[in-house]
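# Structural overview for review
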Amino acid sequence: MIATNNYFKQIDSIDFSSLPDAFRKGHEFLVKATDNGNSWASYQSSDTIKKTIDIYLARLNELVNSNKEAEHKQRKKEKLRQSDHEIMQEAMRKQGLIDENAKRIKQNKNRKKEATNQLQPIMVERMPEELRFIKRFVNLNGKTRTKEEILRFINSLQKCILEKRIRKTSPYAEQIKYIQERLIDVYNTMKAKIKLELKPETYETLKKLTGEEKVMASVNFIKRYISMNGKTGMKKKGDNLLKQITRMVDKKRIPANDPYMDELIKITKNLETFLDDPAMKVLAIEKNELNGLEGILGCACNQLSGIEEKPAIMNSMDFANIEFETVGLKGKWFDLIGDPSSNFTAMVFGKPKMGKSYLCIDFAGYLARNHGKVLYVAKEEGLDYTLQQKLNDKNVAHPNLYVSSVLPESLAAYDYIFLDSVNKLGLSPDDLTRLKAMNHTKSFIFIFQSTKDGKFRGANSFQHDVDVVIEVPEKGKAVQFGRFNQGGEIDIFDTDSIAA
């Protein structure tokens, strides 16, 4: 038996190059964790490392033992087969049954193979779009749905077809066409609600298709892990996820040669660190790790990579050809600001009651409608009637716009963050620098209180560290003198009757 005390002697007889990747990676992990067998301190002190190595050794012993047993059985079977074959062949030849028996054996093998293929789904990283819609349609059977719900289903299906994520060449094109036509017929003839009933033969045919492919358990765990990134209150979910991963591995429902075993080992290690540290309120996944995990799920990971690092010194010809990503502002916001980079910073200041909060709420609504998720931290006013009135006056309420009275620990879920005001939040220039460094792919709009003579409260370094500077020098008027479009102006209020 291969164990920790004899591992490096026993493996001399094992050809790891002929084994599945999981065993080679397990060997590499053990070598690294023990410093090539020189120190087993990490194994003895870390539950995660010990558990990982123990699982690997158990799987390795199973493989070695099964190979030895298989070789022994094969040799024994060959000897028996050789003698039995000679006796049976002579007897069957006399009876003229050799050809018929061979045919029968072949038919039985084919039937067993077909039955196995029908029972065992293909394990995949991601369920094809077609099967996801077929499964969604099958689940409607016997359920009551509103006209709005049916329309959402139709719209999402047609969007997928228009974006060519479902093509005419798809092996499920016929079923998708049937589902689309059936839903449209139902929508055009139904009243407010309808109970959908599929013919039994149709239901069984479509239901059978949904079992042809199944998402790997390891991939489902990776999805759940990613969904926890940057969120508070994840301790209980993290504990449940860790227990489920461990249980599935222990029961071999996730085999040792699973292609994502390395990722699961890292996930369990990160979860243990997160759960053991009371000071860690948020599960934060490192950017490189997140990119890799998103790549497994087939996501557009280039969006996650943030700003590409550039060398300190570049040839001017190369630099001139670099394409910088911009926000893409349009209309009055382009007239005021221009088109800044996708991670710009701005400061807004002006005397009280001049309209700077209205200006920022209007801008937040525009960004939410057109460019991403927005967080408006209303520390100065709080979540009260005044803020609600401004939101309603500007008609900017939107699913992508969030309001808060405090600055949350994690800003991972947002693309644009408004801080109203920096003074009330008690943030220094160094605080804003750190905040920006920790969230370097996001845009920040800092709102400042002003002195009686109209200057913003705070150190001059505030103004020097931002890309866009917007002043509200008089009621209802905003002027921009930052780096992108100096001299841009807009009117803040639609009418003079709106209060600042």
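Since the model is a prediction, treat every value here as computed from it, not as a measurement.

Once that is clear, we can look at the packing of helix α7 (residues 147-162) against helix α8 (residues 173-189). Two packed helices can be described by the angle between their axes and the distance between those axes. Running from amino to carboxyl end, α7 crosses α8 at an angle of 145 degrees, the nearest separation of the two axes being 10 Å. For the crossing formed where α7 meets α8, the hand is left-handed. Seen from α7, the contacting residues are Lys 147, Ile 150, Leu 151, Phe 153, Ile 154, Leu 157, Gln 158 and Ile 161; seen from α8, they are Ile 176, Ile 179, Gln 180, Leu 183, Ile 184 and Tyr 187. Classifying every residue of the contact of α7 with α8 gives 11 nonpolar, two polar and one charged.

With that out of the way, let us pick up the packing of helix α11 (residues 235-250) against helix α12 (residues 261-276). For the pair α11 and α12, the least separation of the axes is 10 Å and the interaxial angle reads 140 degrees. With respect to α12, the axis of α11 lies oblique. By crossing handedness, the relation of α11 to α12 is classed as left-handed. Residues Lys 235, Gly 238, Asp 239, Leu 241, Leu 242, Ile 245 and Val 249 of α11 lie in contact with α12, whose contacting residues are Met 261, Leu 264, Ile 267, Thr 268, Leu 271, Glu 272, Phe 274 and Leu 275. Here the contact of α11 with α12 is composed, by residue class, of 10 nonpolar, two polar and three charged.

Okay, the pairing of strand β6 (residues 374-378) next. Looking down a regular strand, the side chains alternate between one sheet face and the other. Within β6, five of the five residues are buried, which leaves it mostly tucked inside the rest of the structure. Burial along β6 is two-sided: the face carrying Val 374, Tyr 376 and Ala 378 and the face carrying Leu 375 and Val 377 are both buried. For the crossover that starts at β6, traverses helix α17 (residues 385-394) and ends in the parallel strand β7 (residues 401-404), the hand is right-handed. Strand direction decides the pairing type here: β6 and strand β8 (residues 416-420), joined by five bridges, are parallel. Counterpart to Leu 375 in the pairing with β8 is Ile 417.

Once that is clear, we can look at the nonpolar core. In terms of nonpolar packing, the biggest core is built from 36 residues, with Leu 359, Phe 363, Leu 367 and Phe 418 touching the most fellow members. Mapped onto this core, the elements with two or more residues apiece are α15 (331-337), β5 (345-350), α16 (356-370), β6, α17, β8, β9 (443-448) and β10 (468-474). Per-element tally for this core: the top contributor is α16, with nine residues. In this structure Phe 418 touches Cys 360, Phe 363, Ala 364, Leu 367, Val 374, Leu 375, Tyr 376, Val 377 and Ile 445, once residues within four positions along its chain are discounted. Met 234, Leu 242, Ile 245 and Tyr 260 belong to the second-largest nonpolar core, a separate cluster that totals 27 residues.

Trans is the prevailing form of peptide bonds, just as negative phi is the prevailing case for residues other than glycine. Of note, the amide linkage connecting Asp 420 to Ser 421 takes the cis form, showing an omega dihedral of 0 degrees. As for its placement among the helices and strands, Ser 421 is situated in the loop between β8 and α18 (422-425).

This part takes up the environment of Gly 355. Along the chain, Gly 355 turns up in the loop between β5 and α16. A relative accessible area of 4% places Gly 355 in the buried class. For the pair Gly 355 and Gly 476, spaced 121 residues apart in sequence, the C-alpha separation works out to 5.8 Å.

This next bit is on the sheet that holds β8. Pairing in this open sheet of eight strands is mixed, and the strands run β7-β6-β8-β9-β5-β10-β11-β12 from one edge to the other. Both outer strands of the open sheet, β7 and β12 (488-491), are each paired with one neighbouring strand and no more. This sheet shows a mean twist of 15 degrees between the axes of neighbouring strands, independent of strand direction. As paired strands, strand β11 (residues 477-480) and β12 are joined by four bridges and run antiparallel to one another. In the strand pairing of β12, Ala 478 is matched with Ile 490. Most of the contacts of α16 go to β6, to which it runs at about 160 degrees, and overall it touches β5, β6, β7, β8, β9, β10, β11 and β12.

A few words on a positive patch on the surface. On the surface, a cluster of positive charge is contributed by Lys 214, Arg 247, Lys 251 and Arg 253. Following the sequence through the fold, Arg 253 ends up in the loop between α11 and α12. For Arg 253, a relative accessible area of 60% translates into the label exposed.

Moving on to the side chain of Asn 229. With respect to the helices, strands and loops of the structure, Asn 229 is situated in the loop between α10 (217-227) and α11. Side-chain polar atoms of Asn 229 contact the backbone nitrogen of Ile 285, separated by 2.9 Å. If sequence neighbours within four positions are ignored, Asn 229 has contacts with Leu 283, Ala 284, Ile 285 and Leu 290.

The final tally for this structure, using the stated rule, is 11 aromatic pairs. Lys 147 extends its terminal NZ or CZ atom over the ring of Tyr 187, reaching a point 4.9 Å from the ring centre. Over the face of the ring belonging to Phe 274 we find Lys 235, whose NZ or CZ atom lies 4.2 Å from the ring centre.

Another aspect to go through is helix α19 (residues 429-438). Among the residues of α19, those classed as buried are Leu 432, Leu 435 and Lys 436. The arc that holds every buried residue of α19, seen down its axis, measures 95 degrees, which confines them to one face. Along α19, the residues that are exposed and aim more than 90 degrees away from the buried face are Asp 430, Ala 437 and Met 438.

Relative to the assigned elements, Gly 37 resides in the loop between α2 (21-33) and α3 (41-45). Since its relative accessible area comes to 26%, Gly 37 is described here as partly exposed. For the pair Gly 37 and Tyr 7, spaced 30 residues apart in the sequence, the C-alpha separation amounts to 8.6 Å.

With that settled, consider the pattern of salt bridges. Oppositely charged side chains are able to pair whenever their charged atoms sit close together. Summed over the entire model, instances satisfying the criterion amount to 13 salt bridges. With its nearest N and O atoms 2.7 Å apart, the salt bridge here joins Lys 332 to Asp 362. Separated by 30 residues along the polypeptide, Lys 332 in helix α15 and Asp 362 in helix α16 bring together distant segments of the chain.

With that settled, the discussion passes to the side chain of Ser 357. Tracing the sequence through the fold places Ser 357 in helix α16. Residue classification places Ser 357 among the buried positions, given a relative accessible area of 12%. A polar side-chain atom of Ser 357 sits 3.2 Å from a polar atom in the side chain of Asp 420. With sequence-adjacent residues up to four places away left out, Ser 357 is seen in contact with Tyr 376, Lys 390 and Asp 420.

Rules of the game
Residues numbered from 1 in each chain as written. Predicted model: local features only at pLDDT ≥ 70, side-chain atom pairs only at ≥ 80, totals over all residues. Heavy atoms only, no water. Axes fitted to C-alpha atoms, helices over the stretch in contact; angles between N-to-C directions. Helix = DSSP H or I, 4+ residues; strand = E, 2+ residues; numbered from the N terminus. Left-handed = near helix turned anticlockwise from the far one by under 90°. Contact = heavy atoms within 4.5 Å. Nonpolar A, V, L, I, M, F, W, Y, C, P; charged D, E, K, R; others polar. Parallel < 35°, antiparallel > 145°, perpendicular 65-115°, else oblique. Buried < 20%, exposed > 50% of the residue type's maximum accessible area, 1.4 Å probe, protein only. Right-handed = clockwise from strand over helix to strand, strands pointing away. Pairing = 2+ DSSP bridges. Core = buried A, V, L, I, M, F, W, Y, C linked by side-chain atoms within 4.5 Å. Patch = residues over 30% accessible without salt bridge, like charges linked within 9 Å, V, L, I, M, F, W, Y side chains within 5 Å. Areas by Shrake-Rupley, 256 points an atom, 1.4 Å probe, with all protein chains shown as cover. Salt bridge = Lys/Arg side-chain N within 4 Å of Asp/Glu carboxyl O. Lys, Arg positive; Asp, Glu negative; His and termini not counted. Charge placed at Lys NZ, Arg CZ, Asp CG, Glu CD. Polar contact = N/O pair within 3.5 Å; in protein donor to acceptor, adjacent residues only side chain to side chain. Phe/Tyr/Trp six-rings, centres within 6.5 Å; stacked < 30°, edge-to-face > 60°. Lys NZ or Arg CZ within 6 Å of the ring centre and 35° of its normal. Arc of directions from axis to C-beta.

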